[in-house]
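So the chains spell out like this:
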Amino acid sequence: MIGVEAVRFIIAHPSKGISMREKTEGQALVLMTFALVALAAMVGLAIDGGRLYSQRRQTQNAADAAAMAGTRELAVVIAHCGEGDAAADLAVRQAIVEMARLNGVEHGTPNGHIEAQYVNADEQALGWVGAGSIPNGATGVRVTMTMTDTATFMKVVGQDTLS
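Residues numbered from 1 in each chain as written. Predicted model: local features only at pLDDT ≥ 70, side-chain atom pairs only at ≥ 80, totals over all residues. Heavy atoms only, no water.

**What to know about the nonpolar core**
The cut-off we apply is this: Remark: nonpolar core denotes a set of buried residues (Ala, Val, Leu, Ile, Met, Phe, Trp, Tyr, Cys) joined through side-chain atoms within 4.5 Å. Relative accessibility under 20% of the residue-type maximum defines a buried residue, over 50% an exposed one, and the middle range a partly exposed one, all with a 1.4 Å probe and only protein chains included. Each helix corresponds to a stretch of at least 4 residues labelled H or I by DSSP, and each strand to a stretch of at least 2 residues labelled E; elements are numbered beginning at the N terminus. Residues are treated as being in contact if the distance between any of their heavy atoms lies within 4.5 Å.
The biggest cluster of nonpolar side chains holds 21 residues, and the ones touching the most others in it are Val92, Ile96, Tyr118, Ile134, Val141, Val143 and Met145. Counting residues per element, the ones that place at least two in this core are α2 (20-79), α3 (86-102), β1 (112-119) and β3 (140-147). Per element, the largest residue contribution to this core is 6 residues, and it comes from α2. With near-sequence residues (within four places) excluded, Val143 lies in contact with Ala63, Ala66, Ala67, Ile96, Ile114, Glu115 and Ala116.

**A look at the pattern of salt bridges**
Threshold: Basic side-chain nitrogens of Lys or Arg form a salt bridge, by our definition, when they fall within 4 Å of a carboxyl oxygen of Asp or Glu.
For the coordinates displayed, the defined rule picks out 1 salt bridge. Its salt-bridge partner being Glu98, residue Arg101 comes within 2.6 Å of it at the nearest N-O pair. Here Glu98 and Arg101 lie together in helix α3, a separation of 3 residues that amounts to about one turn. The exposure class of Arg101 is partly exposed, given its relative accessible area of 37%. With a relative accessible area of 35%, Glu98 lands in the partly exposed category.

**Brief notes about unusual backbone geometry**
Among all residues except glycine, the phi angle is most often negative; among peptide bonds, the trans geometry is most common. Positioned with a positive phi, Glu123 is a non-glycine residue whose angle comes to about 65°. Here Glu123 is to be found in the loop between β1 and β2 (125-128). Exposure remark for Glu123: the relative accessible area of 58% places this residue in the exposed category.

**Considering the pairing of β1**
The condition is simple: Think of it this way: DSSP has to see at least two bridges between two strands before they count as a pair.
Where burial is concerned, most of β1 is hidden: 6 out of the 8 residues are buried. Of the pairings in the sheet, the one linking β1 to β2 comprises 3 bridges and is antiparallel in character. Bridge assignment links Tyr118 to a residue of β2, and that residue is Gly127. Counting the residues between successive antiparallel strands, the hairpin from β1 to β2 contains 5 residues, one of them, Glu123, with a positive phi of roughly 65°.

Shown next, in the form of structure tokens:
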């Protein structure tokens, strides 16, 4: 019985003595590994992409609310015919930072950054909020925010942060 099986094996592949099935088993493992990495990247893109979209929406809402809070504080200064001195400028800045904090953006942390400018009626920038005074002609505030978060699944393909 042993001799018959040996003869069949040699007849099937006389040169190497290895069956075709044995040759392709390693290829399937390599292909499955690549497919698994690609699948993990797609899942990571879906999950982290959803988180990024949600974070973008939260940051936009926080920037809008902070701009309204800063503009409201500026309107109080204008309505009371107050001077645009350092105290009034600081009050505008504090209103912006506090509203951003209430909406989930912490200024001065590695994950959050806030920039604000005074603008005129034509939305032209007049100066930075927090520079020490309110420029003449200021009628509003423009706020720009940046948030950064760590990626969860996209680290598989080398993307460590979301911003």
